[in-house]
Amino acid sequence: MKKRVFDPWEVKGPMNYDKLVKEFGVSTLKTLPGIFNKELLFRRKIVFAHRDYQKILESIRDKKKFVMMTGLMPTGKFHLGHAILAKQFVFYQKLGAKIYIAVADIEAYNTRNQSLEQSRKIAIEEYITNYIAMGLSPKNVEIYFQSNRSKDAKKANAYYRLQNLLARHATFNEFKAVYGDITPGKMLSSLLQASDMLHSQLPEFENQCQIVVPVGIDQDPHLRIARDISKRIKNPMFTQLSSTYHLFAPGLKGPKGKMSASNPNSYIALTDSPKEVKNKINRYAFSGGQPTLAQHKEKGGNPDIDVSYQYLKMLLEEDDKKLLQIREDYKTGKLTTGELKAYTIQKLNSFLKEHQKEMKKAKKLVSKFLG
Ligand code: TRP
């Protein structure tokens, strides 16, 4: 068995979400208001857990201003897993939220040995261009680099000042308890990320307001630290952060772990060609089917571990009825692995064809998103 690693900087090996929910003390997401049915990630509980999300639901209900804040570590190719987060930005932006996105170039420098120049290049060419192609509009968005918060000195100072002031309100034992092994670089990343998550409430930005941070559940330790510290600060007062957690897109090899930019055999990039997609799905996508066709027809397959089915469910098949039909047919063995893969390839390639057309347009718009 492969070694399991799970912390905010590295996730390897099989996932056990139920265990994490219990261990971290997050809540599972229950019924949401009707408007959330528009986004399959909510409808199908791909966004599955939260902290204090009720406050965001109230802001939406009362048409009160709120902020959606998240960040990205700009390493490697933009893949299907990243698209799960990008769809959420676009959804919140349509709901009227102000969007803050941090490019974690300082974090990548301190924890991945990646230069700021390299991070900038990857962030722009891969991440930001893909976000735009997925529908992020330049209205109501602030995308910034941790190493270069703002040209406006008042804003920049406020952001870095907050990171530094937060330090007094945490103890070393707390850091050790939350992160285990901790280096100075990781500790600074944690405090900078806390400032990422909280600074929009400062008077230089939006003033005290409700913030939701959508992330993968590996990032919850950062939220715990930021939430605990912010409660102890009285001046300025911070409204408690809300957060949501989405499932990771499984890597092509399925049970072995999540899709990861550092492992090319695990991902489908949004720039992959139709040939690459066909080859990757046919050769690598883990199948929940039986070893022989005869056995499959007799016993049926398991969609819950089948990677092609998971991609349809998480991103590609908008039609709930059709998805259910595929699920049932696969379970009874009527639908074979070959057929399921062929359908997934077709869906993926039509999604990517459209997306890659949008990417071409997006390249010309990037400068509008960089303050
Ligand atoms: N640590 C995050 C990652 O590895 C990136 C990040 C930086 C972030 N600042 C953030 C995420 C603020 C959420 C909110 O992907």
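Because the structure is a prediction, the values reported are computed rather than measured.

Participant: How do you make sense of unusual backbone geometry when you look at a structure like this?
Facilitator: Peptide bonds are, in most cases, trans, and in most cases residues other than glycine have a negative phi. For the bond from N235 to P236, the omega torsion is 5°, close enough to zero to count as cis. Structurally, the position occupied by P236 is in the loop between helix 10 (220-232) and strand 9 (242-246). Located in the positive-phi region is K45, a residue other than glycine, with phi close to 60°. Despite not being glycine, N113 has its phi angle at roughly 55°, a positive value.

Participant: I'm lost on the site of the ligand in this one. Help?
Facilitator: Lining the immediate surroundings of the ligand are 14 residues, of which G71, E107, Q193, D196 and Q219 lie closest. Q193 is positioned such that a nitrogen or oxygen atom in its side chain is 2.8 Å from a nitrogen atom of the ligand. At 2.9 Å, a side-chain N or O of Q219 approaches a nitrogen atom of the ligand. Take the shell around the ligand: its biggest share by element is 4 residues, from strand 5 (residues 66-72). When its residues are assigned to classes, the shell around the ligand shows 7 nonpolar, 5 polar and 2 charged.

Participant: In this structure, what is going on with the domain arrangement of the protein? I would like to understand it.
Facilitator: A common measure of how large an interface is: the accessible area buried when the components associate. Assigned domains of the protein: these are domain 1 (5-247) and domain 2 (264-359). For domain 1 and domain 2, the distance between their C-alpha centres works out to 30 Å. Every contact between the two is made by 18 residues of domain 1 and, on the other side, 20 residues of domain 2. Carbon and sulfur atoms supply 66% of the area that domain 1 and domain 2 bury against each other, a total of about 1700 Å² over both sides. When the area that domain 1 buries against domain 2 is broken down by residue, the three leading residues are R44, L80 and A133, summing to 37%.

Participant: Whenever I open this one, the packing of helix 4 (residues 80-94) against helix 13 (residues 307-316) confuses me. Can you help?
Facilitator: A pair of packed helices can be characterised by two numbers: the angle between their axes and the separation between those axes. Put simply, helix 4 and helix 13 touch, their axes get as near as 11 Å, and they point 25° apart. Relative to helix 13, the element helix 4 lies roughly parallel. The handedness of the crossing between helix 4 and helix 13 is left-handed. The segment helix 4 lies against helix 13, with L80, A83, I84 and K87 engaging Y311, M314 and L315. Split by residue class, the contact of helix 4 with helix 13 holds 6 nonpolar, no polar and 1 charged.

Participant: What is the right way to look at the layout of surface pockets in this model?
Facilitator: One water molecule sets the probe size; rolling that probe over the atoms shows where empty space is left. Its boundaries defined by the atoms lining it, the second largest pocket holds a volume of some 430 Å³. Every residue lining the second largest pocket is counted, 19 residues in all, and those nearest its centre are Y17, F248, P250, D304 and Q310. The greatest single-element share of the lining of the second largest pocket, amounting to 4 residues, is contributed by helix 13. Classifying every residue of the lining of the second largest pocket by side-chain character gives 11 nonpolar, 3 polar and 5 charged. Counting contributing residues, the lining of the second largest pocket receives three or more from each of domain 1 (5-247) and domain 2 (264-359).

Participant: It is not clear to me how the environment of M237 should be interpreted in this structure. Could you clarify?
Facilitator: Note that M237 resides in the loop between helix 10 and strand 9. On the accessibility criterion, M237 (47% relative accessible area) is partly exposed. Spatially, the C-alpha atoms of M237 and Q201 are 8.8 Å apart, while their sequence positions differ by 36 residues. Apart from the residues lying within four places of it in its own chain, the contact partners of M237 are Q201 and Q208.

Thresholds, definitions, all that
- Throughout, a residue's number is its position along its own chain's written sequence, starting from 1.
- Reporting in this predicted model follows two pLDDT cut-offs: at least 70 for local features of residues, and 80 or more for side-chain atom pairs to be given and counted; totals over whole chains, interfaces and linings ignore these cut-offs and use all residues.
- Computation of side-chain values: all heavy atoms of the structure, hydrogens and water removed.
- Where helices and strands are cited, they refer to DSSP runs of H or I of at least four residues and of E of at least two residues respectively, numbered from the N terminus.
- To be near a molecule or strand, a residue needs just one of its heavy atoms within 4 Å of it.
- Any pair of N or O atoms that falls within 3.5 Å is considered a polar contact. Within protein, one atom must be able to donate a hydrogen and the other to accept it, and sequence-neighbouring residues count only if both atoms are side-chain atoms.
- Gly counts as polar in this scheme, as do all residues outside two lists: the nonpolar Ala, Val, Leu, Ile, Met, Phe, Trp, Tyr, Cys and Pro, and the charged Asp, Glu, Lys and Arg.
- Segmentation of the chain into domains, including their bounds, is taken from an automatic or database domain assignment.
- In this analysis, two residues are considered to be in contact whenever any of their non-hydrogen atoms come within 4.5 Å of each other.
- As used here, buried area is the combined drop in accessible area, with a 1.4 Å probe, of two parts when they are placed together.
- Between N-to-C directions, angles cover 0 to 180 degrees, with each direction set by a line fitted to C-alpha atoms, over the stretch in contact for helices.
- To sort the angles, those under 35 degrees are grouped as roughly parallel, those over 145 as roughly antiparallel, those from 65 to 115 as roughly perpendicular, and the leftovers as oblique.
- Each crossing gets its handedness from the near helix: less than a right angle anticlockwise from the far helix is left-handed, clockwise is right-handed.
- Every definition here rests on a 1 Å grid over the protein atoms only: cavities are sets of points where a 1.4 Å probe fits but cannot get out, pockets are open sets enclosed by protein on both sides within 12 Å along at least five of seven lines, and lining residues have some atom within 4 Å of a point.
- Grid points are joined across faces, edges and corners, and a volume is the space filled by probe spheres set on the points.
- Burial here depends on accessible area, computed with a 1.4 Å probe over protein chains only, as a share of the maximum for the residue type. Under 20% is buried, over 50% is exposed, and the range in between is partly exposed.

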